[in-house]
Amino acid sequence: MTNNFKNIVAWQIAHEFVLSVYETTKKFPATEAFGLTSQFQRAAVSIPANIAEGYRKLGKADKLRFLNIAQGSVEECRYYIILATDLKYITAEDAKSLQVLIEKTSWYLNSYCKGIITNNGVKDDIQP
């Protein structure tokens, strides 16, 4: 069992994705500061933030609700990668790098959810 959310691999990968999104969105036009840049950053941050928030929830249903919100944000970010590429705000190389990280994030997040559902090493009663 982990002693805090930072030990969850899904959170670690999601955090890495957020850092990459922030670095990549620096290349977006200034006119997008309150548009796509902001939306993409908020959706990216939502992933590890919801993993962290769900970590301390005591019941499976509560944990999974936050993790499901994170999964929704993963899908939102997938779209923003497509949109930023189509708008030519990012290079194909940047897009590929983000796609690799979002796929990895998604895989670990889904695995974490499955572990909670099957109670595979994940306890409902987290001790502080």
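Values in this document were obtained by computation on a predicted structure and should not be read as measured data.

Conventions adopted
Once a new chain begins, its residue numbering starts again from 1 and follows that chain's sequence as written. The predicted nature of this model means local features are confined to residues of pLDDT at least 70 and side-chain atom pairs, given and counted, to a pLDDT of 80 or more, with totals for whole chains, interfaces and linings taken over all residues. Excluding hydrogens and water, the side-chain figures rest on all heavy atoms present in the structure. Throughout, nonpolar core names a set of buried Ala, Val, Leu, Ile, Met, Phe, Trp, Tyr and Cys residues whose side chains join them through atoms within 4.5 Å. For the exposure calls, accessible area comes from a 1.4 Å probe over protein chains only, and a residue counts as buried if that area is under 20% of its type's maximum, exposed if over 50%, partly exposed in between. Labels follow the DSSP assignment, with helices taken as runs of H or I lasting at least four residues and strands as runs of E lasting at least two, numbered in each case from the N terminus. Contacts are residue-level and defined by heavy atoms, with any inter-residue pair within 4.5 Å sufficient. The pLDDT score gives, residue by residue, the confidence of the prediction method on a 0 to 100 scale. Note on aromatic pairs: the rings of Phe, Tyr and Trp (six-membered ring only in Trp) are paired at centre separations within 6.5 Å, and the planes decide the class, stacked below 30 degrees, edge-to-face beyond 60, tilted for the rest. Our working definition of a disulfide is a cysteine sulfur pair at a distance within 2.5 Å. Counted as positive: Lys and Arg. Counted as negative: Asp and Glu. His and the chain ends are not counted at all. Salt-bridge detection follows one rule: a side-chain nitrogen of Lys or Arg within 4 Å of a carboxyl oxygen of Asp or Glu.

1. What about the nonpolar core?
Nonpolar side chains in soluble globular proteins tend to be buried together.
Phase 1 of the analysis: Ranked by size, the top nonpolar core spans 33 residues in total, and within it Phe17, Phe40, Ile47, Ile51, Cys77 and Tyr112 carry the most contacts.
Phase 2 of the analysis: The set of elements that each furnish at least two residues to this core consists of α1 (9-25), α2 (36-55), α3 (60-86) and α4 (92-118).
Phase 3 of the analysis: Apart from residues no more than four positions distant in its own chain, Ile47 is found in contact with Ala14, Phe17, Ala70, Ser73, Val74, Cys77, Ile102 and Thr105.

2. A look at the side chain of Asp94
Phase 1 of the analysis: Within the fold, Asp94 resides in helix α4.
Phase 2 of the analysis: With near-sequence residues (within four places) excluded, Asp94 lies in contact with Thr24 and Lys27.

3. Points about the confidence of the model for the protein chain
Phase 1 of the analysis: Averaged over all residues, the pLDDT of the protein chain equals 92, while 91% of them reach at least 70.
Phase 2 of the analysis: This stretch, residues 122-128, has a pLDDT under 50; its non-local contacts, to residues over four places away or in other chains, come to 18 contacts.

4. Structural notes on the packing of aromatic side chains
In this description, an aromatic ring pair is defined by two values, namely the gap between the centres and the angle between the planes.
Phase 1 of the analysis: Per the counting criterion, the structure on display carries six aromatic pairs.
Phase 2 of the analysis: The interplanar angle of 55° and the centroid separation of 5.7 Å between the aromatic rings of Phe40 and Tyr80 together place this pair among those described as tilted. Taken as a pair, Phe40 in helix α2 and Tyr80 in helix α3 lie far apart in primary sequence, 40 residues in all. Comparing Phe40 with Tyr80, the two get one shared label, buried.
Phase 3 of the analysis: On the basis of relative accessible area, Tyr80 is assigned to the buried category, the value being 10%.
Phase 4 of the analysis: Through pairs of rings, three or more aromatic residues link up here, namely Phe28, Phe40, Tyr79, Tyr80 and Tyr89.

5. Brief notes about the state of the cysteines
Phase 1 of the analysis: Counted under the stated rule, the structure contains zero disulfides.
Phase 2 of the analysis: No disulfide involves Cys77; its sulfur sits 16 Å from that of Cys113, the nearest cysteine.
Phase 3 of the analysis: The buried category is assigned to Cys77, whose relative accessible area is 0%.
Phase 4 of the analysis: Given the relative accessible area of 7%, Cys113 is considered buried.

6. Section: the side chain of Glu32
Phase 1 of the analysis: Position of Glu32 among the secondary structure elements: in the loop between α1 and α2.
Phase 2 of the analysis: One buried charged side chain, Glu32, makes no salt bridge at all; its nearest oppositely charged neighbour is Arg42, positioned 10 Å away.
Phase 3 of the analysis: Not counting chain neighbours up to four residues away, the residues in contact with Glu32 comprise Thr37, Ser38 and Tyr89.

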